[in-house]
Amino acid sequence: MKKNLQKVMSLLCVSAMSLSMIAGCGGGNNGGTTTTETPAATEEASTEAPAAEETTEEATEEATETTEEATEEAGDETAEATETTADGDSTPRNETLYEAGQQWGTINDWNPMSANSNNGLALSANDVARELVYETLFMFNPLDGKLYPLLGSEYNWNDDQTELTIKLNPDAKWSDGSAFTAEDVAYTYATHVKYQSSQGSDFSTYIDAVEASDDTTVVVKAKVADGKAVNPLKVTSILNTMYMMQKAYLQTVEERNGEDADKVKQDTMEDLVHTGPYAPYISNDQKAVLQRDDNYWGQAASMWGKLPVPKYIAHTIYKDNAAGQVALSQGEVDVCQQFITDVQNMWLEDDLPISTWLDEAPYGQCEAIPSMFFNVEREGLDQKEVRRAIAMAVDYEQIIASAMSGQSPTFDEYPRSVVGPTDGERKYVDFDAIADLQWKNADVDGANKLLDDAGIVDGDGDGIREYNGKNLSFKAECPTGWSDWNASMEIVAAAGEKIGIDIQTYFPEASSFYDDMTTCNFDICMWSAPGAGVMNPYSKGMFYFSEEYAKLASNWSGNFGHYMNDDAEAILEAIPTETDEAKLKEYYTELSRILLEECPAVALMYRPQLFYAVNESVWTNFPAADDGRNIPPTDCTDGYGIAALYDLELVE
């Protein structure tokens, strides 16, 4: 962390003010045997590190420039929001870790099977799942691409990758004191499938059965086609993405809902039984709080060996990003998952004890790839020369400097491909083999020549090129209010003007945009490729090319522009069962070649999966890139990032 003298002095001053307020402030792999490493959230932990269903997108994507007027207004709202709401709702500041950027309203349920949950504080079952209340079998670490033990202790595939055997930690317990067993795992999966939750529907395509062979052994049987598992990568991802639920409790939920699928999935589960270190404590329209379970099984020697340090994890319900940012600056928030424009000014100019994962730009751990998709069913955009010319003309350095305020590495540092900027993914691409397909930044001359050579010219002198007698005129859209994305689309539109293509920006309400994107009712749209995960870079390949996604009536997964390529599809079918890294490198290099030549989609920037800024007024010893602990910047709550909770220290 940044520890210059000025910041330390500022930290001490803010700490003194905080203390006066205490009374009133509320590896994964592609196959083979894997024995995961035991997590160590202690000072001795040191490992060399190389790398939709998240928080509310409107909040995650919206960049906020806080003026003095906005600061004052948001500060007033923040003060009101942090008042205690009722007797017993106060949590001591020196026992409470405050988060921002995850929860945007009163929590509506605690049900991992719900399709309509807004519970960002506790439910986020993606590759880097939130592990506070419910737990997964293993925790993914995006820094090294490995799975670390949690409820499970080790896993291995059989030789033909048709059966995945999982050993459970015999110390694992439910919050009611009963043992966590293989029957709970099997019943969790069976219930998801029986009631066709989104995960049940998804995993049942690739998994034939999940069975308990004894109390601490689970066997996952993959679906097989032509003697081979359909998709071992997808099967592996169940280890770190499915929250475990107690069999006895699920049976209670089924009984009280008459085994009606809709009712089971809509059950709020406020009486939940869980394995995680925290339990629901407060939930209203002002604040959501979790309280530590001091009987948590993870303090066993086989796991963490102690309890997490904060007794409470709290999240004030802020009106918007501006209010959350003000609260961070005032020391009312400890960990902030929001995009903050020019975040470095908080310590360089405002002299606040605030830090990010990296001391210098891009400040965060960039893993995701916000990209623009072209609808290849639109006349004009069905021509690869038009798509590539637009891509070549864009000023990406302006996008990174202005829209992202420098919080992305450049494409000179990390050339374009089908993989993200992490070492764990980039090893799968031969960048020398695709160097001649890269384009320089804002190459307007090259783009104009490409169009001229293709015979796509301005025939009537109105400044706009035509194709089949019609002007090349398109709309570039993303949701209104996502200001960094809006700015990116404006820069794309400006590039179009320089090459004789009329591109107008269109920023509808999020719900309208979602309808357009998921039904291919757009010209150019923007969405983000997955971050690091146990299935990457395969999931990024699917995001850009999958015909399976394109054929969905409502598609949230990728290939929004309906690009079809038989070679790409064949590669995507081959990757999940391939274990030879040299062959995988060939596959991902070829997918990258197709992406750069055909441009069905184009990366606009790199971006953190989660933004991460911490204020060390109250708590310190947060993870940082240079601390050698291998704990990722996932807000102390997600995947192996929860290890941070065991290392936190109060500022003295």
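In short, a report on the structure. (Residues numbered from 1 in each chain as written. Predicted model: local features only at pLDDT ≥ 70, side-chain atom pairs only at ≥ 80, totals over all residues. Heavy atoms only, no water.)

1. Topic: the overall build of the chain
And step 1. A count of helices and strands for the chain gives 21 helices and 26 strands.
And step 2. The buried share of the chain, reckoned over its 652 residues, is 59%.
And step 3. If you sum the accessible surface of the chain, you get close to 24300 Å²; carbon and sulfur atoms cover 45% of it. (Helix = DSSP H or I, 4+ residues; strand = E, 2+ residues; numbered from the N terminus. Buried < 20%, exposed > 50% of the residue type's maximum accessible area, 1.4 Å probe, protein only. Areas by Shrake-Rupley, 256 points an atom, 1.4 Å probe, with all protein chains shown as cover.)

2. Considering the packing of aromatic side chains
And step 1. Going through the model one piece at a time under the given rule, you end up with 28 aromatic pairs.
And step 2. Aromatic ring contacts, followed pair by pair, group Trp482, Trp485, Phe513, Tyr514, Trp527 and Trp556 into a single cluster.
And step 3. For arginine 416, the ring lying beneath its charged end belongs to tyrosine 396, and the centroid distance is 4.4 Å.
And step 4. Here arginine 416 stacks its cationic end above the ring of phenylalanine 411, 4.3 Å away from the centre of that ring. (Phe/Tyr/Trp six-rings, centres within 6.5 Å; stacked < 30°, edge-to-face > 60°. Lys NZ or Arg CZ within 6 Å of the ring centre and 35° of its normal.)

3. Let's talk about the environment of aspartate 412
And step 1. Within the secondary structure, aspartate 412 is located in the loop between helix 13 (396-403) and helix 14 (423-426).
And step 2. Placed 29 residues apart in sequence, aspartate 412 and asparagine 441 show a C-alpha to C-alpha distance of 8.7 Å.

4. Looking at the sheet that holds strand 24 (residues 613-615)
And step 1. Pairing is mixed across the open sheet formed by seven strands, whose spatial order is 11-12-13-2-14-24-15. Sheet topology places strand 11 (278-283) and strand 15 (354-356) at the edges, where each strand pairs with a single neighbour. (Pairing = 2+ DSSP bridges.)

5. Quick look at the pairing of strand 5 (residues 152-157)
And step 1. Where strand 5 meets strand 6 (residues 163-168), five bridges bridge the pair, whose relative direction is antiparallel. Bridge pairing links asparagine 156 to threonine 165 in strand 6.
And step 2. Counted along the chain from strand 5 to the antiparallel partner strand 6, the turn is five residues long, and its residue glutamine 161 has a positive phi close to 55 degrees.

6. Remarks on the packing of helix 4 (residues 182-194) against helix 8 (residues 247-256)
And step 1. Viewed as axis vectors pointing N to C, helix 4 and helix 8 meet at an angle of 30 degrees, and their least axial separation amounts to 9 Å. Comparing their axes, helix 8 and helix 4 come out roughly parallel. For the pair helix 4 and helix 8, the contacting residues are Glu183, Asp184, Tyr187, Thr188, Thr191 and Lys194 in the first and Lys247, Leu250, Gln251 and Glu254 in the second. (Axes fitted to C-alpha atoms, helices over the stretch in contact; angles between N-to-C directions. Parallel < 35°, antiparallel > 145°, perpendicular 65-115°, else oblique. Contact = heavy atoms within 4.5 Å.)

7. Topic: unusual backbone geometry
And step 1. Residue proline 362 follows alanine 361 across a cis peptide bond; omega there is 15 degrees.
And step 2. Positionally, proline 362 belongs in the loop between strand 15 and strand 16 (366-374).
And step 3. The amide bond that connects asparagine 536 to the next residue, proline 537, takes the cis arrangement and shows omega of 5 degrees.
And step 4. Of note, proline 537 is situated in the loop between strand 21 (524-529) and helix 18 (538-545).

8. Some words on helix 20 (residues 566-574)
And step 1. Taken together, the buried positions of helix 20 are occupied by Ala568, Glu569, Ile571 and Leu572. The buried residues of helix 20 occupy one face: seen down the axis, they fall within an arc of 160 degrees. Every exposed residue of helix 20 that faces more than 90 degrees away from the buried side is listed here: Asp566, Asp567 and Glu573.
And step 2. Looking at the packing, one finds that the buried side of helix 20 touches helix 18, helix 19 (547-550) and helix 21 (581-598). (Arc of directions from axis to C-beta.)

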